[in-house]
Amino acid sequence: MAERLGGGGRAINFSWNGRRHEGRDGDTVASALLADGVEVLSRSFKYHRPRAILCDAGRCPNCMVNVDGIPNVRSCVTPLREGMDVRPQNAWPSIGFDVMSLTDRFNRFLPVGFYYKTFIRPRALWPLYETVLRRAAGIGRIDEHGHPELHPRKRHMFADVAVIGGGPAGCLAALEAAAAGAQVVLIDDQPELGGHLRVRTSEVAGDQRLEGLSGREAAARLRELVAAEPRIEHLADATAAGLYEGNLIGVTQGATFVRLRAPQIVLATGQAERPMLFRDNDRPGIMLASAVLRLVWLQRVRPAPEAVVLTDDDHGWRQATELIAAGVGVTALVDTRPDAAAAGRSVPAERAALRAAGVEILAGARPERALGGRHVTGLRIHTPAGERDLRTGLVALAGRPEPVLSLLAQEGVRARWDDQLGEFVPGDPPAGITVAGHMRGAGEDPLVLAGGALAGRAAGIAARGLAADGTADRIRDHERRVAETVAGRTPPAPLPRPGGGKQFVCFCEDVTAKELKQGIEEGFDTLETLKRYSTVMMGPCQGKMCHGLSARVHAGLADSSPAVTGLTTARPPFQPISIAALAGPHLSRIRRTAMHERHDALGAKWIDMGDWKRPLHYGDVAAEVRAVHEAVGLIDVSTLGALDVSGADAGEFLDWIHPNRFSDLRVGRVRYRAMLDDAGIVIDDGAVARLAAERFFVSTTTGNLDGVDQWLRWWLAGSQRRVAVTDVTGHYAAVNLAGPRAREVMAKVTDLDVSRAAMPYLAAVEGLVAGVPAVILRIGFVGELGFEIHVPADYGAHLWDTLVQAGRPLGLAPFGVEAQRVLRLEKQHAIVGQDTDALSTPLEAGMGWVVKAEKPDFIGRDSSAAVAGRGPRQVLTGFEIVEGGVPAEGAAIVRHGTAIGRVTSSKWSPTLNRAIGLAWLTSDEAVEGRSLTIRLGVGREGQTSSAVVRTRPFYDPDGERLRS
Amino acid sequence: MSPEAVTPIRRSPLESIHARLGARWRSETERWPVSYGDEEDEARIVREGIALAEPGPYDKIAVRGRSTLVDLRWLGLAAGAGRLEPARTPGGINAWVPAEDEAILVRLAGVGAPRGRAATVATESLAEIAEKLRSAGPSVTDVSSGYTVFRLVGPRLHALLQELSPVDLSARAVPDLGIVAAVVVGCRMLLARRDHDGLPGFVLLVVRDEAAYVWDSIVELGATHGLRPVGAAAFRSPDLTEAHGAVGGVR
């Protein structure tokens, strides 16, 4: 029976499964429940067996609960807070009586991989199977309608040295690196530094700063030293979840995800105890010895007054001594190794003290099974003298701890099996990463402490580029001592071959040794394939509790060695991370034009075009179209890209970039531009205006600005051309004033002569408009007399206001992108990227006139010549619907069931009172008046429209209105 | 309406945001905030929290070409690449020189040669400087509206910068007057470290179209760090030369 030690802190009220409980300040959720009589915290994944605290360090899945609506919270490392609503998960109808625990009784019908084999037929029932299986298995459930207040944040940190692990080696590494002048970030997943020393009473030796102190005192001393060092930033309660290329470390700290970069990393992630293998090794009351010590020292809760300690290494003897010091009596120490004296190895130093404390030492004994049902009541062991039951309410597992290698493995460093140590040890880390402390496999204090200090010193010196100071020599000497120590170690007892019953290897996925055996017998005989088949190591702990054990069990079953079996590939995250923490910022980049507020005030319905916000329409598309045709419309075209291309060679450079010519363009004139890639494919279009002899104003499509800018700069790189390209998109706000009355509006806002004679079609003029310096281009996309006006964006709203005020008496109406799309379709103007694709050549897209084959060279010349030589295979052409609905963009055009083309754009034209569009057709089908059948597309399967080909613009085919 | 009757109004890209905060404008035709009402409180934010301001308006020209740095040296406007060359006199030109072949010259709008005095580089208008540069070789383009200027100043700035940008913007990585091209809240921009009265500070050259998004994002992420928007008066002057007191109608 668990009991609270001492008075504890202030009382904290919380609820478990709807019932009120009381904990103490300093408690975790799990310790508070344990102290208040609640032991079973969860039900296992598959067999729904009762599970209780196992590691008390946030590594295993046993204590996962739902806290305030958030599932899968590790209650053993979650500080208790007032008012917490804690609930069990994966149990029905209650944690005490879970109907699904019947699966535990019928497990013979549920062999490994049973659902792969069982639920494959009939295939139509799979959705039902899936639903049932997902309900039966699994862990916490997300409230899909809830909005937990996660507030994830991102933080980017930089340091000279990052130290991962806040145990003694990590702390000393951080202190030494800081002493070398380095800026250090020390990451530790515990609320306070000190690592295992926080739960250790024996004296620490091997570092002057800690000499003679007990473990707990040494931990406190380390905390003081780190806190006093201004060059160290300590990230507490922070888990290094991933180690990536370029020494990037992903760290989770509460709701914050930290991306930390450091040229030097010291890994001091230590070692950890793991479960041991025997029947029913998952019974509540069986926990790691370190968990018992953590409960007692850190949370002041004693899980039981007495314990049986089970070990396969000298480590268990030390832990037994520590348990006694912590006030937990040890009735027996079961060591699976033969008696030391008989086996010829040195007798553990703790033997006399343990015997004096009344501990029965049972060497050469093998655990057979745990006794008891909902709670362990004893341990059945097999001794040389025969079978024996040890009665106890607490079994403390103290097998040899394994180095925590996952982060290093994420860097691609393969762990190596050391026969002498009987464990996996780290391989050689890459440059910039050092391994220190218990990870090295030599667990004696002097080596751990010296290793940490030396690693830190070396990392600090390397990060700061300081001259060598003898540290390298000391490291070499240290390495030699480590090797000597390791050579003197004896491996733990080998694992016995799994017997009957459930011996859990993987607590997360409820995978037993027997199931691994079945998997191997079925042919999944490598650890990687066995992992995928059995799901061992694939649960929430990601192998932290079972990776080494799985490899050892596999090796035993396959009559191999762990050296051959190896470990599976480690991938981030080391610890589960909420998707919210990994997600990008909830803020997504938005670009607004200078007239954004004006559109908003007019009730614009917005459309996202890349990062830009553009008005789709202002409520009545047909009215907007009508205003452009009959009076005057105003559209914000600031999103078009604008580049200033200047310099003595600017004209010649634009000639090279484009298939048509610009060096002969007169100052004050505009020319259409289409840009091709090397394969002669159209990649952008727009206009080029020559504003001065050596200055061109180049417009691009809205989405292609960056691409065009980079394309131009790429072709200029290394060139001797005297050309400069400057992106002026942001500098200019632009509108297009279009319609038969546009000239009248212009005359009201500028002193410039805007007559047809002075400012004809394709003129480019600089002058004041609305009192603001402007570039005016006599071009348009919508088929009417148009003025494209560019002014500095700081005056964009002013220009808009002035034009609206001047135009209102003339019937001016703002129009949006939707009206523009209708208007341009009436003119059969193509949009690059919508009506063209990665195979569209100018000849086929109806822009053949733009290619000046007589030019000596330009980008895409050879390809264009080749296309011209073979003739177009497909043609972009117009169509109008004769009967039926408006086809979707992308709809197939068929003849006798065979595709002959596809629709790229289609709209209802209020002007023409019929649906029109553009489509790619095979060249033999693109004949004026040819009948077409168009499949309407998704959602209207089986429906078709009848259409006819129209090769000339639907509206003002000769362009008289545009040129007026 | 005659064209002459139109008085152009120059607007900050954040005009509506400033207006909602109760901005007192620099002038009716230049809508940049001098303050939001309590100048003393805003000055306190600068000293104790993090202040975010959009001083202005500034005129700006982009200079590009192989001889850019050489020509700026010739005009006494820059010494080297990779740094912000602050103006030497009130209302002078701040030269952002991220690389040897490109620069952006920035000056508080409306500042030019005082009447009756000989023009010097310090007092010439940007247009005059542009002409000199053009004649020397580089390409010069007016980008006055292309960027707006943000200032971030305050003792708690470092923690916020760690959230705003994946680039190391610590004092070690970017010394005072150092320039760095970085992504801030997902947007590319130039930043110059410009400390203020011993407090860490940055000047951000933000693309105009993205200014509202960048501002909103910084305000949201900065709220937990004590960030608040302030007017230019909180810095005594909107002039990046800083030490020269009242310039351009503020105070």
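Cut-offs applied
Residues numbered from 1 in each chain as written. Chains lettered and ligands numbered in written order. Predicted model: local features only at pLDDT ≥ 70, side-chain atom pairs only at ≥ 80, totals over all residues. Heavy atoms only, no water. Helix = DSSP H or I, 4+ residues; strand = E, 2+ residues; numbered from the N terminus. Contact = heavy atoms within 4.5 Å. Rg over C-alpha atoms; globule rule 2.2 N^0.38 Å. Buried < 20%, exposed > 50% of the residue type's maximum accessible area, 1.4 Å probe, protein only. Areas by Shrake-Rupley, 256 points an atom, 1.4 Å probe, with all protein chains shown as cover. Lys, Arg positive; Asp, Glu negative; His and termini not counted. Charge placed at Lys NZ, Arg CZ, Asp CG, Glu CD. Core = buried A, V, L, I, M, F, W, Y, C linked by side-chain atoms within 4.5 Å. Buried area = accessible area lost by both parts, 1.4 Å probe. Nonpolar A, V, L, I, M, F, W, Y, C, P; charged D, E, K, R; others polar. Domains from an automatic or database assignment. Salt bridge = Lys/Arg side-chain N within 4 Å of Asp/Glu carboxyl O. Polar contact = N/O pair within 3.5 Å; in protein donor to acceptor, adjacent residues only side chain to side chain. Pairing = 2+ DSSP bridges. Axes fitted to C-alpha atoms, helices over the stretch in contact; angles between N-to-C directions. Phe/Tyr/Trp six-rings, centres within 6.5 Å; stacked < 30°, edge-to-face > 60°.

### A word on the overall build of chain B
Turning to step 1, where the next piece is worked out: Counting secondary structure elements, chain B contains 6 helices and 14 strands.
Turning to step 2, where the next piece is worked out: Counted over contacts in chain B with a minimum sequence separation of 6, partners at least 24 positions apart contribute 63%.

### Focus on the overall build of chain A
Turning to step 1, where the next piece is worked out: Regarding its fold elements, chain A presents 25 helices and 51 strands.
Turning to step 2, where the next piece is worked out: Expected size for 964 residues packed as a compact globule is a radius of gyration near 30 Å; at 38 Å, chain A overshoots this value by more than 25%.
Turning to step 3, where the next piece is worked out: Based on the C-alpha atoms only, the size of chain A along its principal axes is roughly 115 × 70 × 60 Å.
Turning to step 4, where the next piece is worked out: Expressed as a percentage of its 964 residues, the buried residues of chain A come to 56%.
Turning to step 5, where the next piece is worked out: Long-range pairs, those at least 24 residues apart, make up 66% of the contacts in chain A with a sequence separation of at least 6.
Turning to step 6, where the next piece is worked out: For chain A, the accessible area works out to roughly 38700 Å², and carbon and sulfur atoms hold 52% of it.
Turning to step 7, where the next piece is worked out: Charge-centre separation for chain A: the mean point of 113 positive side chains lies 3 Å from the mean point of 113 negative side chains.

### Description of the nonpolar core
Residue and element names in this part refer to chain A.
Turning to step 1, where the next piece is worked out: By size, the foremost hydrophobic cluster in this structure holds 122 residues, and its most contacted members are Ile 187, Ile 249, Leu 260, Leu 267 and Val 505.
Turning to step 2, where the next piece is worked out: A total of 7 residues in this core trace back to one element, the largest contributor, which is helix α6 (residues 289-299).
Turning to step 3, where the next piece is worked out: Residues contacting Leu 267, with those up to four places away along its chain left out, are Ile 164, Leu 243, Leu 407, Leu 408, Ile 433, Thr 434, Val 435, Ala 436 and Met 439.

### Details of the interface of chain A and chain B
Turning to step 1, where the next piece is worked out: Tallying the contact residues gives 50 residues for chain A and 44 residues for chain B.
Turning to step 2, where the next piece is worked out: Interface area for chain A against chain B, summed over the two sides, is near 4000 Å², with a carbon-plus-sulfur share of 47%.
Turning to step 3, where the next piece is worked out: Of all elements in the fold, only β9 (153-158), α18 (596-601), β36 (641-646), α21 (705-716), β40 (724-727), α22 (742-749) and α23 (796-807) of chain A reach the threshold of two or more residues within the side of chain A that touches chain B.
Turning to step 4, where the next piece is worked out: Classifying every residue of the side of chain A that touches chain B gives 18 nonpolar, 15 polar and 17 charged.

### Digging into the domain arrangement of chain B
Residues and elements named next belong to chain B.
Turning to step 1, where the next piece is worked out: Each assigned domain of chain B is listed with its residue range as follows: domain 1 (3-56 + 146-235) and domain 2 (58-142).
Turning to step 2, where the next piece is worked out: Its C-alpha centre places domain 1 at a distance of 23 Å from the equivalent point of domain 2.
Turning to step 3, where the next piece is worked out: Summed over both partners, the interface of domain 1 with domain 2 buries about 1400 Å², with 70% contributed by carbon and sulfur atoms.
Turning to step 4, where the next piece is worked out: On the surface where domain 1 and domain 2 come into contact, there are 1 salt bridge.
Turning to step 5, where the next piece is worked out: One salt bridge connects Arg 10 with Asp 59, and the closest N-O pair in it is separated by 2.9 Å.
Turning to step 6, where the next piece is worked out: Applying the counting criterion to the domain 1 and domain 2 interface returns 6 residue pairs in polar contact (both at pLDDT 80 or more).
Turning to step 7, where the next piece is worked out: Those elements that provide at least two residues to the side of domain 1 that touches domain 2 are β10 (147-153), β12 (187-193) and β13 (201-207).

### Side note on the side chain of Ser 945 of chain A
Residues and elements named next belong to chain A.
Turning to step 1, where the next piece is worked out: Relative to the helices and strands, Ser 945 is located in strand β51 (residues 944-950).
Turning to step 2, where the next piece is worked out: A polar side-chain atom of Ser 945 sits 2.7 Å from the main-chain carbonyl oxygen of Gly 885.
Turning to step 3, where the next piece is worked out: In this structure, Ser 945 is in contact with Ile 881, Glu 883, Gly 884, Gly 885, Leu 932, Thr 933, Ile 934 and Leu 936, ignoring residues within four places of it in sequence.

### Looking at the domain arrangement of chain A
Residues and elements named next belong to chain A.
Turning to step 1, where the next piece is worked out: Here chain A is partitioned into domain 1 (11-120), domain 2 (153-272 + 403-487), domain 3 (286-399), domain 4 (504-581), domain 5 (596-824) and domain 6 (828-950).
Turning to step 2, where the next piece is worked out: Domain 2 and domain 4 are separated by 27 Å when their C-alpha centres are compared.
Turning to step 3, where the next piece is worked out: On the domain 4 side, the residues contacting the 17 residues of domain 2 number 18 residues.
Turning to step 4, where the next piece is worked out: For the pair domain 2 and domain 4, the summed buried area comes to about 1400 Å², and 70% of that belongs to carbon and sulfur atoms.
Turning to step 5, where the next piece is worked out: Among the residues of domain 2 in contact with domain 4, Gln 410, Trp 417 and Phe 424 are the three that bury the most area, contributing 35% of the side total.
Turning to step 6, where the next piece is worked out: Inspection of the region where domain 2 meets domain 4 yields 0 salt bridges.
Turning to step 7, where the next piece is worked out: Counting across the interface, domain 2 meets domain 4 through 3 residue pairs in polar contact (both at pLDDT 80 or more).
Turning to step 8, where the next piece is worked out: For the side of domain 2 that touches domain 4, the elements supplying multiple residues, two or more each, are β13 (238-244) and α10 (406-410).
Turning to step 9, where the next piece is worked out: The leading source of residues in the side of domain 2 that touches domain 4 is β13, at 5 residues.

### A few points about the sheet that holds β13 of chain A
Each strand in a sheet pairs with its neighbour through backbone hydrogen bonds, running either in the same direction (parallel) or in the opposite one (antiparallel).
All names here are of chain A.
Turning to step 1, where the next piece is worked out: The 4 strands are arranged β9-β15-β14-β13 in an open sheet whose pairing can be described as mixed. The open sheet has two free edges, formed respectively by β9 and β13, since each of these has just one partner strand. Adjacent strand axes in the sheet meet at a mean angle of 25°, parallel and antiparallel pairs treated alike.

### Let's talk about the packing of aromatic side chains
Turning to step 1, where the next piece is worked out: For the coordinates displayed, the defined rule picks out 11 aromatic pairs over all chains.
Turning to step 2, where the next piece is worked out: Their ring planes at 15° and their centres at 3.9 Å tell us that Phe 524 of chain A and Tyr 533 of chain A sit as a pair that is stacked.
Turning to step 3, where the next piece is worked out: Given a relative accessible area of 28%, Phe 524 of chain A falls into the partly exposed group.
Turning to step 4, where the next piece is worked out: Measuring from centroid to centroid gives 5.4 Å for Phe 150 of chain B and Trp 215 of chain B, while their planes differ by 75°, and the two rings are edge-to-face. Taken together, the residues Phe 150 of chain B in strand β10 and Trp 215 of chain B in helix α6 (residues 211-222) connect sequence positions 65 residues apart.
Turning to step 5, where the next piece is worked out: According to the relative accessible area criterion, Phe 150 of chain B is buried, its value standing at 0%.

### Thoughts on the sheet that holds strand β45 (residues 812-814) of chain A
Residue and element names in this part refer to chain A.
Turning to step 1, where the next piece is worked out: Read across the open sheet, the 6 strands follow the order β42-β43-β44-β41-β35-β45; overall the sheet is mixed. Edge strands, defined here as strands with exactly one partner in the open sheet, are β42 (764-769) and β45. Sheet twist, expressed as the mean angle between neighbouring strand axes with direction ignored, is 25°.
Turning to step 2, where the next piece is worked out: In terms of strand pairing, strand β35 (residues 632-636) meets strand β41 (residues 732-738) through 4 bridges, oriented antiparallel. Paired with Ile 635 across the strands is Asn 736, a residue of β41.

### Considerations on the environment of Pro 659 of chain A
All names here are of chain A.
Turning to step 1, where the next piece is worked out: Examined against the element boundaries, Pro 659 turns out to sit in the loop between α20 (650-657) and β37 (670-676).
Turning to step 2, where the next piece is worked out: For the pair Pro 659 and Trp 849, spaced 190 residues apart in sequence, the C-alpha separation works out to 9.7 Å.
Turning to step 3, where the next piece is worked out: Excluding its chain neighbours within four sequence positions, the residues that come into contact with Pro 659 are Ala 674, Leu 676, Val 850, Val 851, Lys 852, Lys 855 and Phe 858.

### Here we look at the side chain of Thr 726 of chain A
Turning to step 1, where the next piece is worked out: Among the secondary structure elements, Thr 726 of chain A is positioned in strand β40.
Turning to step 2, where the next piece is worked out: Looking at Thr 726 of chain A, its side chain comes within polar contact range of the side chain of Arg 64 of chain B, at 3.2 Å.
Turning to step 3, where the next piece is worked out: When residues no more than four places from it in sequence are discounted, the contact partners of Thr 726 of chain A are Ala 642, Leu 643, Asp 644 and Arg 713 of chain A together with Ala 62, Arg 64, Thr 141 and Val 143 of chain B.

### Here we look at the environment of Gln 828 of chain A
All names here are of chain A.
Turning to step 1, where the next piece is worked out: As for its placement among the helices and strands, Gln 828 is situated in the loop between α24 (817-826) and α25 (861-870).
Turning to step 2, where the next piece is worked out: Residue Gln 828 is classed as buried on the basis of its relative accessible area of 17%.
Turning to step 3, where the next piece is worked out: Every residue in contact with Gln 828, bar those within four places of it in the chain, is listed here: Gly 878, Leu 918, Arg 950, Thr 951, Arg 952, Pro 953 and Phe 954.
Turning to step 4, where the next piece is worked out: At a separation of 2.9 Å, a polar atom in the side chain of Gln 828 contacts the main-chain carbonyl oxygen of Arg 950.
Turning to step 5, where the next piece is worked out: Among the polar contacts made by the side chain of Gln 828, one reaches the main-chain carbonyl oxygen of Arg 952 at a distance of 2.9 Å.

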